[in-house]
Amino acid sequence: MERSFPFISAMVNNGSVNYDHGKDGRSSELGGCSAEIRNREHDTYLAIRYSKGRLTVMIDVEDKNEWKECIDIGGVRLPTGYFFGASAATGDLSDNHDIISMKLYQLMVEHTPEEENLDWTKIEPSVSLLKSPKDNIDDPTGNFRGTPLTGWKVFLLLLCALLGIVVCAVVGAVVFQKRQERNKRFY
């Protein structure tokens, strides 16, 4: 997936996941979209909604009051009693990130009896996905996402490499020997 910047992305973190600035947070990203918000003559708008375990982000960058879906993720669990914040980071370019205003609303939704009895202040932030939607996507920079090499993986990798070298040496010796025998017949 080709990515153009500026890029809006979403991640859910309980404080245990680091944001990888070198790869623009791809390893912890749940979803995102490109948004051409730079150098506009009008305000651009972003609407974030979290309701009944669904996080949606919509954008209006044309100032036409036409909202386009950017992110829609189900199975999100966020606790109450926290603060809302916004952040922006710039890679190699320098850029301004101005938030002119924020409007926050509490949505009144009906809860199931189980949800009513749940202490929402003690919920750990999480997403109930088996794996991140981005896990199977190769990084456009050519790096392939995977787990780090542990001791066993390094051992097995070296063992396979050593076996490959031995097989190549044996095949090379047999081929060399056959050529030597073929050369002796022509004397």
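Remember, it's a predicted structure, so these values are computed and weren't measured experimentally. (Residues numbered from 1 in each chain as written. Predicted model: local features only at pLDDT ≥ 70, side-chain atom pairs only at ≥ 80, totals over all residues. Heavy atoms only, no water.)

Visitor: Explain the pattern of salt bridges to me, and be specific about the residues and the numbers.
Guide: Applying the stated criterion to the full structure yields 3 salt bridges. Between D119 and K122 there is a salt bridge, with the nearest N and O atoms lying 3.5 Å from each other. By relative accessible area, which is 39% here, D119 ends up partly exposed. Its relative accessible area of 67% is what places K122 among the exposed residues. (Salt bridge = Lys/Arg side-chain N within 4 Å of Asp/Glu carboxyl O. Buried < 20%, exposed > 50% of the residue type's maximum accessible area, 1.4 Å probe, protein only.)

Visitor: How would you sum up the state of the cysteines? Please name residues and give values.
Guide: Inspection of every chain in the model, using the stated rule, returns 1 disulfide. With its sulfur 1.9 Å from that of its partner, C33 forms a disulfide with C70. Where C33 bonds to C70 through sulfur, the torsion about that S-S bond is close to -105 degrees, and the disulfide is left-handed. Residue C33 is found in strand β2 (residues 31–34), and its partner C70 is found in strand β5 (residues 68–74); the two are separated by 37 residues along the sequence. What makes C33 buried here is its relative accessible area of 12%. (Disulfide = S-S within 2.5 Å. Helix = DSSP H or I, 4+ residues; strand = E, 2+ residues; numbered from the N terminus.)

Visitor: Describe the sheet that holds β5, with residues and values.
Guide: Read across the sheet, 3 strands follow the order β3-β4-β5 without closing on themselves; strand pairing throughout is antiparallel. In the strand order of this sheet, the two ends are held by β3 (45–51) and β5, each with one partner. This sheet shows a mean twist of 10 degrees between the axes of neighbouring strands, independent of strand direction. As paired elements, strand β4 (residues 54–60) and β5 share 6 bridges and run antiparallel to each other. Across the sheet, the residue bridging to L55 is I73, located in β5. (Pairing = 2+ DSSP bridges. Axes fitted to C-alpha atoms, helices over the stretch in contact; angles between N-to-C directions.)

Visitor: Pulling in residues and values, what's your account of the pairing of β4?
Guide: In the case of a regular strand, side chains alternate between the two sheet surfaces. With 5 of 7 residues buried, β4 is to be regarded as a mostly interior element. When β3 meets β4, the two strands line up antiparallel, connected through 7 bridges. Bridged to L46 within β4 is I59. Counted between consecutive antiparallel strands, the loop separating β3 from β4 contains 2 residues, among which K52 sits at a positive phi close to 50 degrees.

Visitor: A description of the nonpolar core should follow, citing residues and the corresponding values.
Guide: When a protein is soluble and globular, its nonpolar side chains tend to lie buried together. Grouped together as the largest cluster of nonpolar side chains are 14 residues, with contacts concentrated most on I59, C70, I71, I73, V76 and V127. At the level of secondary structure, the elements contributing two or more residues to this core comprise β4 and β5. Setting aside chain neighbours within four positions, we find I73 in contact with A10, L30, G31, G53, R54, L55 and V127. (Core = buried A, V, L, I, M, F, W, Y, C linked by side-chain atoms within 4.5 Å. Contact = heavy atoms within 4.5 Å.)

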